[in-house]
Amino acid sequence: MFESLSDKLQSIFERLGSKGKLTENDVNVAMREVRMALLEADVNFKVVKDFVERVKLRAVGAEVMDSLTPAQMVVKIVNEELVELLGKPAPLNTSGQPPHVIMLVGLQGAGKTTMAAKLALRLKKAGQRPLLVAADIYRPAAIKQLELLGKQVDIPVHSEGTGVAASSITKNALRMAREKAYTVVILDTAGRLQIDDVMMQELEQVRMVTRPADILLVVDAMTGQEAVNVAEGFNKRVPLTGLIMTKIDGDARGGAALSIRQVTGVPIKFLGTGEKLADLEPFAPDRLAGRILGMGDVLSLIERAQEHMSEDTALAMEKRLTEGQFDLEDFLEQLKQVKKLGPLGDLLGMIPGMGKMAKDIDPRETEKTLKQTEAIISSMTIAERRSPDLLNASRRRRIAAGSGVEVQDVNQLMKQFRDMQKMMKQMGIMGGKSKKKGRGGGLGGMMDMFRGMGN
Amino acid sequence: MFRKLFGKSEEKTQDEVRLEESLQKTRNTFFGRVSTIFQANEITEELWDELEEALVMADVGMGASEELVTATRTRVRDDGIKATRDAYTILKQEMVRLLRSEEPLHIDEPRLLTVVLLVGVNGSGKTTSIGKMAYWYKQRGRRVLLGAADTFRAAAIDQLKVWGERAGVEVIAHEPGADPGAVIFDAIRASQESRKSDLLLVDTAGRLQTKFNLMRELEKVKRVAGKQVHRAPHEVLLVLDASTGQNAIAQAKAFQESAGVTGIVLTKLDGTSKGGAVLNIKKELGVPVRFVGTGEKIGDFAIFDPVSFVEGILGNGQ
């Protein structure tokens, strides 16, 4: 939906014919676009104003580096300033004696309950003994929701129904945590408006009786200009130690995080990246900066690929690739890996410059093609997959019948596969030259494959 | 026969009161700034700049903000208006014009069974809205039934059941993890066969509009409804959190494409955000706001009225 900032600036600078030094005029024109991009990303208006001034100061007269176009130069400066503003990733506070209390606060529907379970799971994986506490006594079935989530990740949930005050529940939970040697206590509090005095008093009481090591504000990535006031409102009553931004798996740019960070100085700690309880990532400033500017998220993609691909498979695959032995068996394996990464449309959206393409490609068609391809290869014998040359007309007919497609489809796939094989060989040679490319290398191949499939 | 509700009846005044009360807090916030701007003595270039800024800060978005300012400015110039007070009135008129919808709400048309689907992203307030909406229509003599088609989120069905109890309406539900299409199928059958209800409100799971498969699921739910009841669903309401920023337009667009959204339920209006994004949505996609949620209690729900909404967010002027 949005053109990326770099694309926009590129075309502007081409029109201006700028090169060499960035003139004041160049920068002014560019800043208008930067301002728009940030506002579209829901960065607070005042924060945008200050930010644009800062960037302007740095950009006017800046020498454009040899390797960059003026547009890229501006984006580079903007990006660096954004990363700077977003601050360093901050870990959870683990000083002092356990159990450490983590209190989650925020507006209704921000995603606190889900986040409580996600944090618990993460801490459990890190060797901690977490206890979840259901302190939302207002929203219908909120307690049940936390209990169900707790069960899913096998983490105990302390609850006392809806008839007991939140401060008592949390106090009892803390006592129990001490007795049973839990190391982290995560409090899921009810969603509330920062202007609701009575409800804010409840938070103050909970804070007083539990003395949290961390008070984390949970903010929806879709939040608009108001984010700053919300954060300030909470921060005033219960001093925040961190920020968690949720629903970052959508297409919201998450500018609210920048605004909150800038205005309150509270560090961003985690990002919620999906509906599954494992979908939680530590905050990375460069990535969020790229997202705010609409520049895709290659790092996330690579990380996701790494997560879903075992190292051995990846290494074996790469070896076969570089040796030019890529066969249909490998192809099938890659297809399966790609499918694990998630819906194709999502993936394409993460690649810079391909956000637009992702809109053009009909993911339905592409997913169908992928499925069909898998079916065709699955209908081959192992021998055929290893040496595709075996595939004569009779074998192709059998495969077509077996996978429910026409012989032409099999032929087409084989042609595509040959093309791909050629391409892979070239990539293999290139990869060999530029020392080790790591596991990301296979990823480029997969991306090229998508492009092949999309056609 | 339910037309009455839209006439100048008592209910409407109550709605107006509720809406205005919930909007009052805004006067100190972003929209509130607008009325301050018009306290200036003269209409200057600066005033228009400040106005645009204030609108952007109220999440109205660049596009709709510019359009509002231009439309107001043009009329002020053409009519030779000098007083800021009059210019302010024109701005309000332009906002009302932008928000007003010619299309009637299809829930109140006489029909054996009306099916309404509530859709939206996670945490926007679907389940709460559906509970309040059930109560609202029940108060007005409708026989309401709820369908729990959010079979995904933990405890969503329980949450809806609590609302069903509070509103005094029955909930048709399956087990967690069941096929939402099957839930709506059963809910429609229950409504029809035992003639239990003439209004079926269906809760769906929250989904981010970028999740392709989940959006496809909505299409299916819609299809199932359409096969059983002529022209169903008769309304598909997007539940939108008033604090949503520019992503609101992407949401509305995606849900319009896959679920055929016909209107918006604007929730959490009791907060300090006032859902300025709906102006942009109406401008870009023509989708009107139909209902507003104004608090956590079951009665905190009202029909959307552009005039009281605009008066509410801007205040009555000087």
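Just so it is clear, the structure is predicted and the values come from calculations on it, not from any experiment. (Residues numbered from 1 in each chain as written. Chains lettered and ligands numbered in written order. Predicted model: local features only at pLDDT ≥ 70, side-chain atom pairs only at ≥ 80, totals over all residues. Heavy atoms only, no water.)

1. Let's talk about the overall build of chain B
When helices and strands are counted, chain B shows twelve helices and eight strands. On C-alpha atoms alone, chain B measures out to a radius of gyration of 20 Å, which is about the 20 Å that the 2.2 N^0.38 rule sets for 318 residues. Seen through its C-alpha atoms, chain B measures out along the principal axes to roughly 65 × 45 × 30 Å. Here chain B, with 318 residues, has 62% of them falling under the buried criterion. Taking contacts inside chain B between residues at least 6 apart in sequence as the whole, the part at least 24 apart equals 77%. Surface exposure of chain B reaches about 12600 Å², of which carbon and sulfur atoms provide 47%. Charge centroids of chain B, computed over 44 positive and 45 negative side chains, lie 5 Å from each other. (Helix = DSSP H or I, 4+ residues; strand = E, 2+ residues; numbered from the N terminus. Rg over C-alpha atoms; globule rule 2.2 N^0.38 Å. Buried < 20%, exposed > 50% of the residue type's maximum accessible area, 1.4 Å probe, protein only. Contact = heavy atoms within 4.5 Å. Areas by Shrake-Rupley, 256 points an atom, 1.4 Å probe, with all protein chains shown as cover. Lys, Arg positive; Asp, Glu negative; His and termini not counted. Charge placed at Lys NZ, Arg CZ, Asp CG, Glu CD.)

2. Focus: the overall build of chain A
For chain A, the count of helices and strands is 21 helices and eight strands. Burial statistics for chain A: of 455 residues in total, 53% are counted as buried. Residue pairs at least 24 apart in sequence account for 74% of intrachain contacts in chain A once pairs closer than 6 positions are excluded.

3. Brief notes about the interface of chain B and chain A
Listed by partner, the interface residues are 43 residues for chain B and 41 residues for chain A. Taken together, the two surfaces of chain B and chain A that pack against each other cover about 3700 Å², and 60% of this comes from carbon and sulfur. At the boundary of chain B with chain A, the tally comes to three salt bridges. There are 18 residue pairs in polar contact (both at pLDDT 80 or more) connecting chain B and chain A. At the level of elements, helix H3 (45-57), helix H7 (156-167), helix H9 (212-228) and helix H10 (247-259) of chain B are the ones that each hand at least two residues to the side of chain B that touches chain A. For the side of chain B that touches chain A, the leading source of residues is H7(B), giving five residues. Residue composition of the side of chain B that touches chain A, by class: 14 nonpolar, 15 polar and 14 charged. (Buried area = accessible area lost by both parts, 1.4 Å probe. Salt bridge = Lys/Arg side-chain N within 4 Å of Asp/Glu carboxyl O. Polar contact = N/O pair within 3.5 Å; in protein donor to acceptor, adjacent residues only side chain to side chain. Nonpolar A, V, L, I, M, F, W, Y, C, P; charged D, E, K, R; others polar.)

4. Focus: the sheet that holds strand S4 (residues 199-204) of chain B
Residues and elements named next belong to chain B. Across the sheet, eight strands lie side by side as S3-S2-S4-S1-S5-S6-S7-S8; this open sheet has mixed pairing. Since the sheet does not close on itself, it has two edges, and those belong to strand S3 (170-172) and strand S8 (301-303), each with one partner. On average, each strand axis in the sheet is tilted by 25° relative to the strand beside it, whichever way the strands run. (Pairing = 2+ DSSP bridges. Axes fitted to C-alpha atoms, helices over the stretch in contact; angles between N-to-C directions.)

5. Some remarks on the pairing of S4(B)
Each regular strand shows side chains that alternate between the opposite faces of the sheet. All names here are of chain B. Counting buried positions along S4 yields six of six residues, so the element is predominantly enclosed. Alternating positions in S4 separate into two faces, Leu 199, Leu 201 and Asp 203 on one and Leu 200, Val 202 and Thr 204 on the other, with burial throughout. Two strands pair when backbone bridges link them, and strand S1 (residues 114-119) and S4 are joined in this way by five bridges, in the parallel orientation. Bridging across to S4, Thr 114 finds its partner in Leu 199.

6. Points about the pattern of salt bridges
According to the stated counting rule, one finds 37 salt bridges over all chains in the structure shown. A salt bridge links B:Asp78 to B:Arg77, with the shortest nitrogen-to-oxygen separation between them at 3.5 Å. A single salt-bridge network, built from bridges that share partners, covers A:Arg54, A:Arg58, A:Lys76, A:Glu80 and A:Glu81.

7. Examining the environment of A:Phe13
Residues and elements named next belong to chain A. Looking at the secondary structure, you find Phe 13 in helix H1 (residues 5-16). Accessibility expressed as a relative area gives 4% for Phe 13, which makes it buried. C-alpha of Phe 13 to C-alpha of Ala 30: the two residues are 17 residues apart in sequence and 8.3 Å apart in space.

8. Observations regarding the nonpolar core
Membership of the largest hydrophobic core comes to 156 residues, with the highest contact counts inside it found for A:Phe234, B:Phe31, B:Val34, B:Met95, B:Leu266 and B:Ile281. Sorting elements by how many residues they give to this core places helix H4 (residues 70-86) of chain A first, with nine residues. Structurally, this core is a two-domain feature, drawing no fewer than three residues from each of domain 1 (3-86) and domain 2 (100-295) of chain A. (Core = buried A, V, L, I, M, F, W, Y, C linked by side-chain atoms within 4.5 Å. Domains from an automatic or database assignment.)

9. So, the sheet that holds strand S6 (residues 242-246) of chain A
Residues and elements named next belong to chain A. Ordered in space as S3-S2-S4-S1-S5-S6-S7-S8, the eight strands form an open sheet in which the pairing is mixed. Looking at the sheet topology across the chains shown, the edges are occupied by strand S3 (157-158) and strand S8 (280-282). Inspection of the sheet shows strand S2 (residues 130-135) paired to S3 by two bridges, in the parallel sense. Opposite Leu 132, over in S3, you have Val 157 as the bridge partner.

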